[in-house]
Amino acid sequence: MRPRRIRPLTLAAAAVIALVIAWALAPGLFTRQDPNDGGTTAALLAPSGAHWFGTDEIGRDVFARMVYGASHSLLAALIAVGVGLVVGTALGLIAGSRRGWAEDVIMRAVDVLLSIPALLLSLTIVIILGFGTVNAAIAVGVTAIAQFARLTRSQVVRVGGAPYVQAAYGSGAGYGSVLVRHIVPNSLSPVLALAVLQIGWAILQISTLGFLGYGTPPPTPEWGLIIAEGRNYVATSWWLTVFPGLIIMIVVLATHRLGTALRQVSA
């Protein structure tokens, strides 16, 4: 069997994600500017060699704020996806393997979650929990539970009906043994591919909450908050919103591309 060729777009997407992760882990390698203090730098400077993305209304370097903001946005996205992955996978595993009343209760709850717009649900939860990066991430994660639960249940049902699983039961293996050795390992590949796809979606959702003022409080650099701070200067200082918006768009598209590639491999 010939190995699958990695497409250039997939490699480019991986490079983008690697760069953003490097921003989050070692921002000092990419900029020497202070993300929270512009010092004596003039405000609203246009993009230049000294300030790649220009400066904001108080002289802070926009590129530096985007680089340092990567850690906040990525951490929040990982927390959100982690909440959805762990809780949703557990619920889908129970619903798909136990069936009966447990499946009915869980899947009706999933239907309710899917019927509520994700942004409305996350706004409601973050208002209850309070503002902040972690609370916003949890709120976004709750909105992802239903998708993970539904996909996991469908995979568990599919794998549970496979001949080798029935043969394992026929040979005397117990429910727990079959679940751990056969059903879970053969059900998780599409779920993990969905998790990669959800990272981009989570970044977008968290940035939306930050833009609306429900995420990380200022002056902490967070991608959605950076765009919100620049929206009053769109007519005169376009770089305050255009460059951060492009970064978010590129990262979301890159995660979507990687998630799609992983889905094709696991299919």
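Preceding block: the structure.
Every chain's residues receive numbers from 1 upward, in the order its sequence appears when written. Totals for whole chains, interfaces and linings use every residue, but because this is a predicted model, local features are given only for residues with pLDDT of at least 70 and side-chain atom pairs only at 80 or more, for both listing and counting. As a rule here, side-chain values cover all heavy atoms of the structure and leave hydrogens and water aside.

Turning next to the packing of helix H3 (residues 100–115) against helix H5 (residues 133–160). Between H3 and H5, the least distance of the axes is 9 Å, while the angle of their chain directions is 135°. Relative to H5, the element H3 lies oblique. Every pair of crossing elements has a handedness; the one defined by H3 and H5 is left-handed. Counted together, Glu-103, Met-107, Val-110, Leu-113 and Leu-114 of H3 and Val-142, Ile-145, Ala-146, Gln-147, Ala-149, Arg-150 and Arg-153 of H5 form the full contact between these two elements. Looking at the contact of H3 with H5, its residues break down into 8 nonpolar, 1 polar and 3 charged. Orientation is described by lines fitted to C-alpha atoms, with helices fitted over the stretch in contact, and by angles between N-to-C directions that extend from 0 to 180 degrees. To qualify as a helix, a DSSP run of H or I must reach at least 4 residues; to qualify as a strand, a run of E must reach at least 2; elements of each kind are numbered from the N terminus. Orientation labels follow simple angle bins: below 35 degrees gives roughly parallel, above 145 gives roughly antiparallel, 65 to 115 gives roughly perpendicular, and whatever is left gives oblique. Crossings are classed by handedness, with left-handed meaning an anticlockwise turn of the near helix from the far one by less than a right angle and right-handed meaning a clockwise turn. We call two residues contacting when some pair of their heavy atoms lies within 4.5 Å. Put simply, Ala, Val, Leu, Ile, Met, Phe, Trp, Tyr, Cys and Pro go in the nonpolar bin, Asp, Glu, Lys and Arg in the charged bin, and everything else, Gly too, in the polar bin.

Right, let's talk about H5 for a bit. A turn of α-helix holds 3.6 residues, and therefore any two residues three or four places apart point the same way. Under the convention used throughout, the expected extent of a helix is 1.5 Å for every residue step, that is, one less than its residue count. The terminal C-alpha atoms of H5, which comprises 28 residues, lie 39 Å apart, in line with the 40 Å expected from a rise of 1.5 Å per residue. Helix geometry: H5 is bent most strongly at Ala-144, by close to 35°. Values of bend correspond, residue by residue, to the angle between axes fitted over the seven residues ending at that residue and the seven starting there.

What follows concerns unusual backbone geometry. In this model, Pro-218 is joined to Pro-219 through a cis peptide bond whose omega is 5°. With respect to the secondary-structure elements, Pro-219 resides in the loop between helix H7 (175–212) and helix H8 (223–230). Unlike most non-glycine residues, Leu-44 shows phi in positive territory, near 55°. With respect to the element layout, Leu-44 can be found in the loop between helix H1 (8–25) and helix H2 (62–98).

Basic side-chain nitrogens of Lys or Arg form a salt bridge, by our definition, when they fall within 4 Å of a carboxyl oxygen of Asp or Glu. A complete count under the given rule lists 5 salt bridges for this structure. The residue Arg-60 makes a salt bridge to Asp-56 at a minimum N-O spacing of 2.7 Å. With respect to burial, Arg-60 and Asp-56 carry one shared label: buried. Among the ionic pairs, Arg-108 bridges to Asp-111, the shortest N-O distance being 3.1 Å. Of the two residues, Arg-108 and Asp-111 both sit in helix H3, 3 residues apart, roughly one turn of that helix. When salt bridges with common partners are traced through the structure, they connect Asp-56, Arg-60, Arg-65 and Glu-229 into a single cluster. Only protein chains enter the accessibility calculation, which uses a 1.4 Å probe; a residue whose area is less than 20% of its type maximum is buried, one above 50% is exposed, and one in between is partly exposed.

For the rest of this paragraph, the subject is the packing of aromatic side chains. Note on aromatic pairs: the rings of Phe, Tyr and Trp (six-membered ring only in Trp) are paired at centre separations within 6.5 Å, and the planes decide the class, stacked below 30 degrees, edge-to-face beyond 60, tilted for the rest. Following the criterion strictly, the structure yields 7 aromatic pairs and no others. Taking 4.7 Å as the distance between ring centres and 10° as the angle between the ring planes, the aromatic pair formed by Phe-53 and Phe-243 counts as stacked. Residue Phe-53 is located in the loop between H1 and H2, and its partner Phe-243 is located in helix H9 (residues 239–266); the two are separated by 190 residues in the primary sequence. With a centroid separation of 5.3 Å and 90° between ring planes, the pair formed by Phe-131 and Tyr-214 is classed as edge-to-face. With Phe-131 in the loop between helix H4 (118–129) and H5 and Tyr-214 in the loop between H7 and H8, this pair connects stretches of sequence that are 83 residues apart.

On to the environment of Val-105, then. The topology assignment puts Val-105 in helix H3. For the pair Val-105 and Ala-95, spaced 10 residues apart in sequence, the C-alpha separation works out to 8.5 Å.

For this analysis, a nonpolar core means a set of buried residues of the types Ala, Val, Leu, Ile, Met, Phe, Trp, Tyr and Cys, connected via side-chain atoms within 4.5 Å. If you look at the biggest cluster of nonpolar residues, it comprises 46 residues, and the most contacted ones within it are Phe-53, Met-66, Phe-148, Trp-223, Ile-247 and Val-251. Mapped by element, the contributors of at least two residues to this core are H1, H2, H4, H5, H7, H8 and H9. By residue number, the principal contributor to this core is H2, which donates 10 residues. Val-159, Ala-162, Val-165 and Ile-183 belong to the second largest nonpolar core, which has 8 residues in total.

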